[in-house]
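Observations on the model geometry
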Amino acid sequence: MPYLLFPQEAQFFRNVRRALTQLYQSARYGNLKPPVVVVFGDDEFLVQRVIQRLTDLLLPSEERQTALTVLEGKEATEVELAQALFEPTFGFQLTRRRVVILKSPAFLKEQSKRKREDLAWYRFLQKVPGGTYVLIALTEPLSNSQLNLLNEIALLVPLSKLRQQDLPDFVQMLAEQSAIRMERAAVQELIDRVGNDARQLATEIEKLALYIGVDGRVTVDIVRELVPSLAMDVFALMNAVVEGDAAKALRMLDGLLQRRESPILILYLLARQFRFLLQAKLLLDSKLISPALLHARSDAFRQQLEKIPEEVKERLPEDSRLNLLKQSPAVIRNFLLQARNFSREQIMEALRLILDTDVGFKTGVDQGQQLALLILNLCRLRGEAERVAVSPTGQ
């Protein structure tokens, strides 16, 4: 049997998207040939996503209780496969189709130990009854002999991990499947907020579809309203650190890790926040921002920012993402207020702790635990700053 597309073609998601569109059309009309489809790759979410999409197209939701069988791992024995394929279940006569899903079946691992003529599952999959479809999900590496054997009886669908440049096409495909339209700018905004986590991108598109409704158009403003931003959450985490509230900061960190945010990205954003804090301290120490103006009306505060000399601005990073004065006035004011709580030496110590954590990430020690220790140490610095502020020598 042919591959849906060759593995080298699957390196480019645009090819995968085009091939999957054709496959989904065949599934929609019950024209999958052969009736056995093997979806394999090293990204478990993508593999399961394709299997789920095929199931949704082959079976109406109301028929799945009687017409869907899922066998996984050790449960996927040859005996169970035979029963699923050839023994009618209660109510099966009322359905048009039947689907059997095999997830990393144990019998496939035993294939190399037995002769082909002794492989009962191979014979069963050659004689799949009419109206029945077998979907096999594999996320472990396959040997050439396994691929060659499966290729004789199944349609092979190879998938590769998404690259950064594949994300717009992937998001557009998810949007089409959810029957919504996304502006190009909205697609990029979603990617900027979520990153390259395919699972999280799919989750956020499902939320957008529920909000906007069928055939609705998703704009940048809608994405900004509904999709959480890691940068914003780390900003809130920074506020908890500045308050010295270790318990709150650790809860927020745990929430980020629970939703599978990248520890490396969290660390990068924390470093960015403390660099902003250092720039704010520079502006305060240079007497360029009057303390009274920190609580002034927004228009007066903006006028003060416009008066900052060019030679000072030139000392700040050129990259707008790392330059405090190129952020919004509200963000600038926030960091100026926070900077009053630290000495320059304490901010430099915080940056050193962040650098040590970055080095520690490469040692293999749990990154989440290292981040938690970093948060505790940053909160400790805040506590030291408070003690200095109230001591006789700090007055």
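Please read these numbers as outputs of a predicted model, since none were measured by experiment.

With respect to topology, five strands assemble into an open sheet ordered S2-S3-S4-S1-S5, the strand pairing being parallel. Of all strands in the sheet, those bounded by a partner on one side alone are strand S2 (68-72) and strand S5 (155-159). In this sheet, neighbouring strand axes are inclined to one another by 15° on average, regardless of whether the strands run parallel or antiparallel. Sheet analysis places strand S1 (residues 36-41) next to S5, joined by five bridges and oriented parallel.

This part takes up the confidence of the model for the protein chain. For residues with low pLDDT, the predicted coordinates do not support detailed interpretation. Overall, the predicted model of the protein chain reaches an average pLDDT of 86, with 93% of residues at or above 70. Ranking the elements of the protein chain by mean pLDDT puts helix H19 (residues 367-390) last, at 80, and strand S4 (residues 132-138) first, at 95.

A few words on the packing of helix H2 (residues 44-58) against helix H8 (residues 167-177). Where H2 meets H8, the axes come as close as 13 Å, and the angle between the chain directions of the two elements is 25°. One finds that H2 runs roughly parallel with respect to H8. Viewed along their axes, H2 and H8 form a crossing whose handedness is left-handed. Facing H2, whose interface residues are Phe45, Leu46, Arg49 and Arg53, H8 presents Phe170, Leu174 and Gln177. Tallied by class, the residues present in the contact of H2 with H8 amount to four nonpolar, one polar and two charged.

It is worth spelling out the side chain of arginine 98 at this point. Relative to the helices and strands, arginine 98 resides in strand S3 (residues 98-103). Of the side chains with opposite charge, glutamate 87 lies nearest to the buried arginine 98, which makes no salt bridge, at 8.4 Å. A distance of 2.6 Å separates the side chain of arginine 98 from the backbone oxygen of leucine 85, its partner in a polar contact.

Parameters and conventions
Residues numbered from 1 in each chain as written. Predicted model: local features only at pLDDT ≥ 70, side-chain atom pairs only at ≥ 80, totals over all residues. Heavy atoms only, no water. Pairing = 2+ DSSP bridges. Helix = DSSP H or I, 4+ residues; strand = E, 2+ residues; numbered from the N terminus. Axes fitted to C-alpha atoms, helices over the stretch in contact; angles between N-to-C directions. pLDDT = per-residue confidence, 0-100. Parallel < 35°, antiparallel > 145°, perpendicular 65-115°, else oblique. Left-handed = near helix turned anticlockwise from the far one by under 90°. Contact = heavy atoms within 4.5 Å. Nonpolar A, V, L, I, M, F, W, Y, C, P; charged D, E, K, R; others polar. Buried < 20%, exposed > 50% of the residue type's maximum accessible area, 1.4 Å probe, protein only. Lys, Arg positive; Asp, Glu negative; His and termini not counted. Salt bridge = Lys/Arg side-chain N within 4 Å of Asp/Glu carboxyl O. Polar contact = N/O pair within 3.5 Å; in protein donor to acceptor, adjacent residues only side chain to side chain.

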